[in-house]
Every structure is written in structure tokens, then in C-alpha cells.
Amino acid sequence: MRYGIFGDIHGNCDALMAVLEALDKDRVDVKICLGDIVGYGAEPRECIKIIRELGCMTLAGNHDHAAIDRLDVEFFNAFAKQAALWTRQQLTDEDKQFLAGLGFVDHHEHFACVHGSLHGPELFNYIATIFDAELSFEALDKPVLFYGHTHIPITFFDTTPMTFTTEGEIRITSDMKALVNVGSVGQPRDEDPRASYGIYEVDDSSGEGVVYIRRVPYDVSSASRKIIAAGLPEPLAIRLELGK
Ligand code: ZN
């Protein structure tokens, strides 16, 4: 089975379309969205529409919750807060209902998916350090966890001592555990502006397989122009060009 796993779209329709096209070329069987459909970008409604039409498993991200007033934006930085308040005004009741219905964890036989971390999915904690990774390893009873939230593609392994890689091909065996961050579709932060997503090719009986972290170019200037035209903060447009 081939899974296409992607998230942190952040209202960036140009990047989302490029990733979906790439997933179709990659002939994935199942698509899974790790959340943060909205926030930062200028096309939150368009992105929700596309995801709804896909009908794929979609998890809740912190920006999705901020957009429906379930998360206090006082904890956001100034630009994120401004974008979250703007996004709230754009969404229809139907859009908000859709976001309100998203769950926190998607369990499969051989892997699990979450937006932020497995040790507190509804708190949207980050897996940014080895300490954070340790907590999610303790909560993981399968070989792989797919997550996002930091917008940095990186994989942690539960070796002693713990190791990690930023390589784009990760072999998964049933006697190991890995936390795989598939990166961000609409706001990459690893200084590579191309949209990021993951493909998981797994043998359904053994649970062994390979994860590929893929990058696809998209029209970054189109997405940043839309941010400026919407009256959103200019740094949100510039960061797309820089990939950070
Ligand atoms: Zn995000």
C-alpha cells in the first residue's frame, strides 16, 4: 500500500495543488492530511474546499483550532495572530463546522498520524527536541508515527542513544520505531521553499517498508502575491520565498 501523507498547508492553494498532483503521479492509494489546512496563507477557504472534496482522513492542527476560536491566539506571534484573526473572518459556518469535526490521532495497523505529538495530541505540543521525541516514543506502539507542526522534515529513531536523519529515504522495519516529520506543504521552514510531503510504501502483512520525503516546486510568487493582496503581513509573503 502507498500512503501519501502531507500537512501544514496553511492556506497555500498553489502549494497544495502541486503536492496533490505529485501524489497522483506517485500513484498513492490513500491520502492522509496531518492538519493546519489554514492560517498564514491567503486561501483558507479554497484549501478547505479541496481537502473536503478529497474526502481523505484529515487531522486537526492548532491553526485550524485557532480559526474556529478553540485555541487562544494570544499565544501566537504577532503575524500568526493577525493571520488567524483574518482567517476567522473569511471562513463560513460550514468551513468552521468541517474544521471542528477533525480528530487528533489517526491509528493504522502499522503506523499512526498526528499533527503535533503523540504524547499530547490535543495540546499541539512540538516534537522539536530529543526530549520531546522520547515522550512520543513512549506513547507509540507501532513502528512509525507521522507528524508535522514544526514544518521541518526530520526523522527520529528510538536507538540508544537516540539518532535522527534529514535524509529523504527511511527504511522501516518491524523491530524499530521512527518519528517521521513529513515537512510542510504551504510554509516550509528548512530554507528549501519547495512544498514537502511524504510517501509511505508499506507491506501490509509485515508492516515493513520505506518512507520517502519528497519536495515539489510550486509557484511561490503567486502564493506570496496573494498574501500581500489580502492585506496580510508582508513577512508572511517573504518567508515563503525564503523557506523559513
Ligand atoms: Zn503548521
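Summary of the structure given here. Note that the structure is a prediction, hence the values are computed from the model and not measured.

Thresholds applied
Residues numbered from 1 in each chain as written. Predicted model: local features only at pLDDT ≥ 70, side-chain atom pairs only at ≥ 80, totals over all residues. Heavy atoms only, no water. Helix = DSSP H or I, 4+ residues; strand = E, 2+ residues; numbered from the N terminus. Rg over C-alpha atoms; globule rule 2.2 N^0.38 Å. Buried < 20%, exposed > 50% of the residue type's maximum accessible area, 1.4 Å probe, protein only. Contact = heavy atoms within 4.5 Å. Areas by Shrake-Rupley, 256 points an atom, 1.4 Å probe, with all protein chains shown as cover. Lys, Arg positive; Asp, Glu negative; His and termini not counted. Charge placed at Lys NZ, Arg CZ, Asp CG, Glu CD. Arc of directions from axis to C-beta. Donors = N, O, S within 2.8 Å, 3.2 Å for Na, K, Ca; no water. Tetrahedral: all angles 85-135°; square planar, octahedral: opposite > 155°, others 65-115°. 1 Å grid on protein atoms, 1.4 Å probe; cavity = no way out; pocket = protein on both sides within 12 Å on 5 of 7 lines; lining within 4 Å. Points joined across faces, edges and corners; volume = space filled by probe spheres on them. Nonpolar A, V, L, I, M, F, W, Y, C, P; charged D, E, K, R; others polar. Core = buried A, V, L, I, M, F, W, Y, C linked by side-chain atoms within 4.5 Å. Salt bridge = Lys/Arg side-chain N within 4 Å of Asp/Glu carboxyl O.

**Let's talk about the overall build of the protein**
A count of helical and extended segments in the protein gives eight helices and 12 strands. On C-alpha atoms alone, the protein measures out to a radius of gyration of 17 Å, which is about the 18 Å that the 2.2 N^0.38 rule sets for 244 residues. Expressed along its principal axes, the backbone C-alpha trace of the protein runs to roughly 50 × 35 × 30 Å. Burial analysis of the protein (244 residues in total) assigns 59% to the buried set. Intrachain contacts of the protein at a sequence separation of at least 6 include 71% that bridge at least 24 residues. Counting every atom, the protein has about 10500 Å² of accessible surface; 50% of that belongs to carbon and sulfur. One way to put it: in the protein the 22 positive side-chain charges average out to a point 5 Å from where the 38 negative ones average out.

**Considerations on helix α2 (residues 44-54)**
Along α2, the positions that sit buried rather than exposed are Pro44, Cys47, Ile48, Ile50 and Ile51. For α2, the angular spread of buried residues about the axis comes to 165°, placing them on one side. In this structure, α2 carries Lys49 and Glu53 as exposed residues pointing more than 90 degrees from its buried face. Looking at the packing, one finds that the buried side of α2 touches β1 (2-6), α1 (13-25), β2 (30-33), β3 (57-58), α4 (78-90) and α5 (93-100). Of the residues trailing α2, Gly55 is marked for its positive phi of about 70°.

**A short note on the coordination of the zinc ion**
Of the protein atoms, only Asp8 (OD), His10 (NE2), Asp36 (OD) and His151 (NE2) coordinate the zinc ion, at distances of 2.1 to 2.3 Å. Metal-centred angles of 87 to 180° between the four donor atoms at the zinc ion mark the site as irregular. One chain supplies every donor for the zinc ion, spaced along it as D-x1-H-x25-D-x114-H. Here Asp8, found in the loop between β1 and α1, pairs with His151, found in the loop between β6 (144-147) and β7 (154-157); they are 143 residues apart in sequence, far enough to count as distant. Accessibility classification places Asp8 together with His151 in one group, the buried group.

**Description of the layout of surface pockets**
Counted as a void, the largest pocket has a volume near 280 Å³. The wall of the largest pocket is formed by 18 residues, among which Asn62, Phe76, Phe124, Tyr126 and His149 lie closest to the centre. For the lining of the largest pocket, the residue count by class is eight nonpolar, seven polar and three charged.

**What about the nonpolar core?**
Residues Phe6, Leu16, Ile37 and Leu99 are the most contacted members of the largest nonpolar core, which totals 49 residues. Listing elements by their share of this core, those giving two or more residues are α1, α2, α3 (62-67), α4, β11 (195-202), β12 (209-216), α7 (220-229) and α8 (234-242). With eight residues, α1 is the largest single contributor of residues to this core.

**Regarding the pattern of salt bridges**
Enumeration over the complete set of coordinates arrives at 13 salt bridges. For the salt bridge of Glu53 with Lys49, the shortest nitrogen-to-oxygen distance reads 3.2 Å. Of this pair, Glu53 and Lys49 both sit in helix α2, four residues apart, which is roughly one turn of that helix. As far as burial versus exposure is concerned, Glu53 and Lys49 are alike and both exposed. A salt bridge links Asp192 to Arg194; the nearest nitrogen and oxygen atoms lie 2.8 Å apart. The class for Asp192 is buried, based on a relative accessible area of 17%. A relative accessible area of 37% means that Arg194 is categorised as partly exposed. It is possible to trace a salt-bridge network through shared partners that takes in Asp190, Asp192, Arg194 and Arg215.

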